[in-house]
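Topology and contacts: notes
What follows is the residue order along each chain.
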Amino acid sequence: MKLGVVLRAERLIRGDGFRRTRLATPYGPVDRIFSGELHGTETHFLYGRFPGQRTPSWEIPYEANQSAFDALGVDHIIGTFVVGGVDKEVRGGDLVIPHDLVSFAGPRTSLPPLSGRFSNAHVIPSFCPVLRRLLIRGADEAGVRVHQSGVYFSFYGFARIETLAELELMERLGARLVGQTMDPEFTLARQRHLHYGAIAVAIDSYHDMKTETETDPEVFRARSRQAIADGRRNFEAIIEAGLATRGADEVEDCACAQVAKGKHKDMFASFPEDLL
């Protein structure tokens, strides 16, 4: 396993052996990766999805980020997320390990295939069961309470939070979380046949927000900032504990990296090239 983690891991990257890695990619430089070894696993922390100041989700350099992981030989990725809680069980500050994703729209973002023709990524199941087990076990070992499942609703490309009607629709569809940054990161990784897992912290609850219209915005912001800070610390603890108890011979019984093999006829082979 060569693990890539998208996380501002303040404590872990200051540990012995982690070094800053700067990479040039076809989509621009990536200078915020910290590389080292964590409990025997080669680990690369991408310190935030966007460089410098916070940027809208549609300006995050997803292609450059994934290209940097490609250059490092990363084959497993854990994404960490700050989200909103949708269903009644998720409150502000709760951690969730999602098991599936809904994404109806997103940026027109792709990467050229590493070999052969383009093909759509097969994403059933969506998240790697091996990484999900690692995160669940890590949470148990670290003594951190998590929701062990949930559907993440990708609400991409809007410079606002969701309306009440949108949140009510998401809840009816069975979503537990809503956020703007999982896709296309997830899709780009799965196009590479990589193992992908995720963990998220909810900074608020849709059901609480309905009754907070008269609350001082600064109170809400302070609570959200605290949830993010606590969430990042817990992410570090969970990932570290999960890797510490992984075991060198753990079987990776998943199909994430499987690709078609053998002499299969190209579905486009019967068409003249000038029609493709």
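Source: prediction; values computed, not measured.

**Observations concerning the overall build of the protein chain**
Within the protein chain, the secondary structure is distributed over 7 helices and 10 strands. Residues classed as buried in the protein chain amount to 47% of the 276 residues present. Of the accessible surface of the protein chain, which amounts to about 14600 Å², a share of 52% is contributed by carbon and sulfur atoms.

**Considering the environment of Pro-98**
By secondary structure assignment, the location of Pro-98 is in the loop between β6 (95-96) and β7 (100-102). Apart from the residues within four sequence positions on either side, Pro-98 is in contact with Phe-127, Arg-132, Ser-149, Gly-150, Tyr-152, Leu-177, Met-182, Ala-198 and Ile-199.

**Quick notes on the pattern of salt bridges**
Applying the stated criterion to the full structure yields 11 salt bridges. Two residues, Asp-230 and Arg-233, come together in a salt bridge whose shortest N-O distance is 2.3 Å. You can see Asp-230 and its partner Arg-233 sitting in helix α7 (residues 217-244), 3 residues apart, about one turn around the helix. Take Asp-230: its relative accessible area is 29%, and that puts it in the partly exposed class. Three or more residues are tied together by salt bridges with common partners; here these are Asp-87, Glu-89 and Arg-176.

**Side note on the layout of surface pockets**
Of the volumes computed, that of the largest pocket is approximately 1100 Å³. Taken together, 40 residues make up the lining of the largest pocket; nearest its centre are Arg-54, Val-82, Val-83, Ile-203 and Ile-228. The biggest single contributor to the lining of the largest pocket is α7, with 7 residues. Its residues assigned to classes, the lining of the largest pocket comprises 20 nonpolar, 11 polar and 9 charged.

**Observations regarding the packing of aromatic side chains**
A complete count under the given rule lists 8 aromatic pairs for this structure. With a centroid separation of 5.9 Å and 85° between ring planes, the pair formed by Phe-104 and Phe-153 is classed as edge-to-face. Separated by 49 residues along the polypeptide, Phe-104 in the loop between β7 and α3 (129-142) and Phe-153 in strand β8 (residues 151-154) bring together distant segments of the chain. Of the residues examined, Phe-153 reaches a relative accessible area of 10% and is grouped as buried. Ring centres 4.8 Å apart and planes at 25° place the aromatic pair Phe-155 and Phe-158 in the stacked group. Cluster of aromatic residues (ring-pair linked, three or more members): Phe-127, Phe-186 and Tyr-196.

**Thoughts on the packing of α3 against α7**
At a minimum axis separation of 7 Å, α3 and α7 run at an interaxial angle of 105°. Taken together, α3 and α7 sit at an angle that is classed as roughly perpendicular. The segment α3 lies against α7, with Leu-134, Leu-135, Arg-137, Gly-138, Ala-139, Glu-141 and Ala-142 engaging Ala-237, Ile-238, Ile-239, Ala-241, Gly-242 and Leu-243. Taken together, the residues of the contact of α3 with α7 sort by class into 9 nonpolar, 2 polar and 2 charged.

Criteria and cut-off values
Residues numbered from 1 in each chain as written. Predicted model: local features only at pLDDT ≥ 70, side-chain atom pairs only at ≥ 80, totals over all residues. Heavy atoms only, no water. Helix = DSSP H or I, 4+ residues; strand = E, 2+ residues; numbered from the N terminus. Buried < 20%, exposed > 50% of the residue type's maximum accessible area, 1.4 Å probe, protein only. Areas by Shrake-Rupley, 256 points an atom, 1.4 Å probe, with all protein chains shown as cover. Contact = heavy atoms within 4.5 Å. Salt bridge = Lys/Arg side-chain N within 4 Å of Asp/Glu carboxyl O. 1 Å grid on protein atoms, 1.4 Å probe; cavity = no way out; pocket = protein on both sides within 12 Å on 5 of 7 lines; lining within 4 Å. Points joined across faces, edges and corners; volume = space filled by probe spheres on them. Nonpolar A, V, L, I, M, F, W, Y, C, P; charged D, E, K, R; others polar. Phe/Tyr/Trp six-rings, centres within 6.5 Å; stacked < 30°, edge-to-face > 60°. Axes fitted to C-alpha atoms, helices over the stretch in contact; angles between N-to-C directions. Parallel < 35°, antiparallel > 145°, perpendicular 65-115°, else oblique.

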